[in-house]
2 protein chains.
Amino acid sequence: MLPVALDVMGGDHAPGAQLEGAARAHAAGLPVLLVGDEARLRHRSGGLPLVHASQVVTMDDRATAPLRTKPDSSVRRAMEAARDGQAAAVVTCGHSGAAMASAMHVLRKLPGVERPALVTQVPRADGGEAVILDLGANIDCKPSTLACFARLGSAYASAMLPGVPAPRVGLLSNGEERSKGNAQIRAALPLLDALEGVRFVGPVEPAAVLRGDVDVLVCDGFAGNVMLKTVEATAELVGGVLKRELQRHPLESMGAVMLGRAFKRFRRRTQARNYGGALLVGIDGVVVVGHGRSDPVAVHSAVEVAAQCVERDLVGHVRRALAGACEQEPSR
Amino acid sequence: MLPVALDVMGGDHAPGAQLEGAARAHAAGLPVLLVGDEARLRHRSGGLPLVHASQVVTMDDRATAPLRTKPDSSVRRAMEAARDGQAAAVVTCGHSGAAMASAMHVLRKLPGVERPALVTQVPRADGGEAVILDLGANIDCKPSTLACFARLGSAYASAMLPGVPAPRVGLLSNGEERSKGNAQIRAALPLLDALEGVRFVGPVEPAAVLRGDVDVLVCDGFAGNVMLKTVEATAELVGGVLKRELQRHPLESMGAVMLGRAFKRFRRRTQARNYGGALLVGIDGVVVVGHGRSDPVAVHSAVEVAAQCVERDLVGHVRRALAGACEQEPSR
């Protein structure tokens, strides 16, 4: 397999966390191509191959910086390495808007995609996982964009979820009645109904997703980001509160220790994938956007996710599922 | 204290759950005034006073039904009992849109309120509670409506949260940077900045709310409903997963029993208030809108919440805080 191109300069703890994560991935048998400032990285690359990029996109830059003011930025050079056949996939933990913009510019959208989306998986009560998109790449969405996400999410789920050949797709809403939902949701419903090859089950509430009633949850980037972050924050809250509850009762303090261990296992199992970040689906290439705060373990995990998507030919799968489906935006 | 008017006909399990809930509240020393169909309720009222209403708003009705086609509906008659000095507050577990419409029509908005909001409290990791509004009474909101909610939520929090005289108010967003947020959030920011008498701290993420960085979270009814339901569903998911985690390990199975007990205590403590439903704030009267699926315990809890709001003079508090503050909608 070709290496995964890693934007070494992007992230709150770059380049240290990125370099250490790359070393871990390499040690685990995953080939990595470093992309970043050669002068700064030469003595710290641990012998991994390096592509030079003299510029760095910071959090203060605009999303379009890699296209305009910073053409030699590490995130753009990483995309170019994938486009030019030097790498099989890209991982960046930097500015997610800049990642999206440079992926669209360099790797291009797949035919039929209105907007690419950030996608990840959350644990369900039935032991499975639900796919959620968009998670924040598209904050304000048109109804047609939500229909595009339904198709992308369905294709992603059938490629990546084991044993789910015909994923059930729901649209996040404040009730299951079709009369509920905001103006955007109500306008999107008939578009999702009309999609061929997508098993759309209608509007769904958060509980239905976590219970396992659907395999794919479609939402705009604002609602998806809020929902995912609420799941994460609530899990932490409940874990902490339960532990304190047990500690308050002397007879149950042993339970607190057990709970702590169980919670760690739960987190390890369920966050293994999310930990690495989200995948940008709808792009003609595998692009994983990690958390800005990624530590070396998270960077390693992101490289793993990217390699897994390459292995399963996620892009080919999405391309075939899409063929002539999503409403194409006027080219610009 | 005047009794709490209970819409006996509204709710998935009405009138049975409502009657039993009323009996429980009465037994606990809370006076209740039943409102519903006298012919159906006469022999089941348990001696509680009853106001007759011949009509019932069903979930298939429009929100405006109490104003137009069903003027003798139980929800409207309950509001009238409060308006006419027969009751101190109203509780209904029926159609929430109809509750909102009849509350606005009969009891009227407080001066300076653009739109009333549904508000409740969620537990925080620091042991306190955060106030969230709107929870679904206003699905599509203008930026000015969010500013109105900031004022209502701040007034509610200073009346109802112990020891929080100057509540910190945050606006739900997908990041703390002011450049994030959707178009609605970005348009609302300067309006919230400009509010006098409101301690607005800026855009906040879900984790900041559950951690305790703010006392009041402002959002539109769509996002608020999704966030609250995600908190509830995730708490159930995590509780269940941890229990199974512990059961999988024989040495920790005792922990599962302890965890089950701790989780019940947690739920009892944190849901005591939410359980009864949400309060409609911004109305010239105390109106509690319970879950449709309320059982007798939830109905009793809703009556308790209503009585507590009356005791603390919530409406007077909100009225004083508002005096000349929210942008007034053109009268219609």
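Residues numbered from 1 in each chain as written. Chains lettered and ligands numbered in written order. Predicted model: local features only at pLDDT ≥ 70, side-chain atom pairs only at ≥ 80, totals over all residues. Heavy atoms only, no water.

Every buried residue belonging to helix H6 (residues 183–193) of chain B is among Gln184, Ile185, Ala188, Leu189 and Leu192 of chain B, and all of these are buried. Down the axis of H6 of chain B, the smallest arc covering the buried residues is 140°, so these residues share one side. Check the buried side of H6 of chain B and you find it contacts helix H8 (221–248) of chain A together with helix H5 (143–160), strand E7 (168–172) and strand E8 (199–204) of chain B. (Buried < 20%, exposed > 50% of the residue type's maximum accessible area, 1.4 Å probe, protein only. Helix = DSSP H or I, 4+ residues; strand = E, 2+ residues; numbered from the N terminus. Arc of directions from axis to C-beta. Contact = heavy atoms within 4.5 Å.)

Our focus in this paragraph is the confidence of the model for chain A. For chain A, the mean per-residue pLDDT works out to 90, and 91% of the residues sit at or above 70. Low pLDDT, under 50, characterises residues 326–332 of chain A; the predicted model gives this stretch 14 contacts beyond four residues in sequence or across chains. (pLDDT = per-residue confidence, 0-100.)

Residues and elements named next belong to chain B. In this structure, the amide linkage connecting alanine 14 to the following residue, proline 15, adopts the cis form with an omega of 0°. Summarising the element assignment, proline 15 is placed in the loop between strand E1 (4–7) and helix H1 (16–27). Following leucine 133, the chain continues into aspartate 134 via a peptide bond in cis, with omega recorded as 0°. Assignment of secondary structure puts aspartate 134 in the loop between strand E6 (129–133) and H5.

What follows is about the environment of valine 35 of chain A. Residues and elements named next belong to chain A. Along the polypeptide, valine 35 turns up in strand E2 (residues 32–36). Valine 35 gets classed as buried once you look at its relative accessible area, which sits at 0%. Separated by 26 residues in the primary sequence, valine 35 and methionine 9 have C-alpha atoms spaced 7.7 Å apart. Excluding anything up to four places from it in sequence, valine 35 contacts Ala5, Leu6, Asp7, Val8, Met9, Leu50, Val51, Ala53, Ser74, Arg77 and Ala78.

The next point concerns the sheet that holds strand E11 (residues 286–289) of chain B. Hydrogen bonds between backbone atoms are what pair the strands of a sheet, whose relative direction is either parallel or antiparallel. Residue and element names in this part refer to chain B. Taken in spatial order, the 11 strands make up an open sheet running E3-E2-E1-E4-E11-E10-E5-E6-E9-E7-E8, and their pairing is mixed. Two strands bound the open sheet, and with one partner strand each, they are strand E3 (50–52) and E8. Pairs of neighbouring strands in the sheet enclose a mean axial angle of 25°, with direction left out of account. As paired strands, strand E2 (residues 32–36) and E3 are joined by three bridges and run parallel to one another. Across the sheet, leucine 34 pairs through a bridge with leucine 50, a residue of E3. (Pairing = 2+ DSSP bridges. Axes fitted to C-alpha atoms, helices over the stretch in contact; angles between N-to-C directions.)

Taken residue by residue, the interface counts 48 residues in chain A and 48 residues in chain B. Buried surface at the junction of chain A and chain B, both sides included, amounts to about 4,300 Å², of which 68% is carbon and sulfur. Where chain A packs against chain B, one counts two salt bridges. Taking the shortest distance from any N to any O, the salt bridge between glutamate 205 of chain A and lysine 229 of chain B comes out at 3.2 Å. Viewed at the interface, chain B and chain A are joined by six residue pairs in polar contact (both at pLDDT 80 or more). Looking at the side of chain A that touches chain B, the elements with two or more residues in it are helix H6 (183–193), helix H7 (206–211), H8 and helix H9 (253–274) of chain A. Among the elements that line the side of chain A that touches chain B, the one with the most residues is H8 of chain A, at 19 residues. Classifying every residue of the side of chain A that touches chain B gives 27 nonpolar, nine polar and 12 charged. (Buried area = accessible area lost by both parts, 1.4 Å probe. Salt bridge = Lys/Arg side-chain N within 4 Å of Asp/Glu carboxyl O. Polar contact = N/O pair within 3.5 Å; in protein donor to acceptor, adjacent residues only side chain to side chain. Nonpolar A, V, L, I, M, F, W, Y, C, P; charged D, E, K, R; others polar.)

Residues and elements named next belong to chain B. In the contact formed by H5 and helix H11 (residues 314–322), the axes pass within 9 Å of each other and the chain directions differ by 135°. Viewed along their axes, H5 and H11 adopt a mutual orientation that is oblique. Taken as a pair, H5 and H11 cross one another with a handedness that is right-handed. Packed against H5, whose contacting residues are Arg151, Leu152, Ala155, Tyr156, Ser158, Ala159 and Met160, the element H11 presents Leu314, His317, Val318, Ala321 and Leu322 at the interface. (Parallel < 35°, antiparallel > 145°, perpendicular 65-115°, else oblique. Left-handed = near helix turned anticlockwise from the far one by under 90°.)

It is worth spelling out the packing of H1 of chain B against helix H10 (residues 296–311) of chain B at this point. Residues and elements named next belong to chain B. Taken N-terminus to C-terminus, the directions of H1 and H10 make an angle of 55°; their axes are 7 Å apart at the nearest point. The pairing of H1 with H10 is recorded here as oblique in orientation. Remark: the crossing between H1 and H10 carries right-handed chirality. For the pair H1 and H10, contact is made by Ala17, Gln18, Glu20, Gly21, Ala22, Arg24 and Ala25 and by Pro296, Val297, Val299, His300 and Val303, respectively. Tallied by class, the residues present in the contact of H1 with H10 amount to seven nonpolar, three polar and two charged.

Residues and elements named next belong to chain A. Read across the open sheet, the 11 strands follow the order E3-E2-E1-E4-E11-E10-E5-E6-E9-E7-E8; overall the sheet is mixed. Two strands lie at the open edges of the sheet, namely strand E3 (50–52) and strand E8 (199–204), each paired on one side alone. Neighbour-to-neighbour, the strand axes of this sheet turn through a mean angle of 25°, independent of strand direction. In terms of strand pairing, strand E5 (residues 117–123) meets strand E6 (residues 129–133) through five bridges, oriented antiparallel. Residue valine 119 lies in a different strand from E6, and its bridge partner there is leucine 133. Helix H4 (residues 96–107) rests against strand E4 (89–92), strand E10 (278–281) and strand E11 (286–289) of the sheet, and its axis sits at about 170° to E11.

All right, on to the state of the cysteines then. A complete count under the given rule lists zero disulfides over all chains for this structure. As a non-bridged cysteine, cysteine 141 of chain A has cysteine 219 of chain A as the owner of its nearest cysteine sulfur, 8.8 Å distant. (Disulfide = S-S within 2.5 Å.)

With that out of the way, let us pick up the pattern of salt bridges. Residue and element names in this part refer to chain B. Applying the stated rule across the entire model yields 28 salt bridges over all chains. One salt bridge in this structure joins glutamate 20 and arginine 24, with 3.7 Å as the shortest N-O distance. With glutamate 20 and arginine 24 both in helix H1 and four residues apart, the pair spans about one turn of that helix. According to the relative accessible area criterion, glutamate 20 is partly exposed, its value standing at 42%. Residue arginine 320 is joined to aspartate 313 by a salt bridge in which the shortest nitrogen-to-oxygen separation is 3.8 Å. Among the residues examined, aspartate 313 registers a relative accessible area of 38% and is labelled partly exposed.

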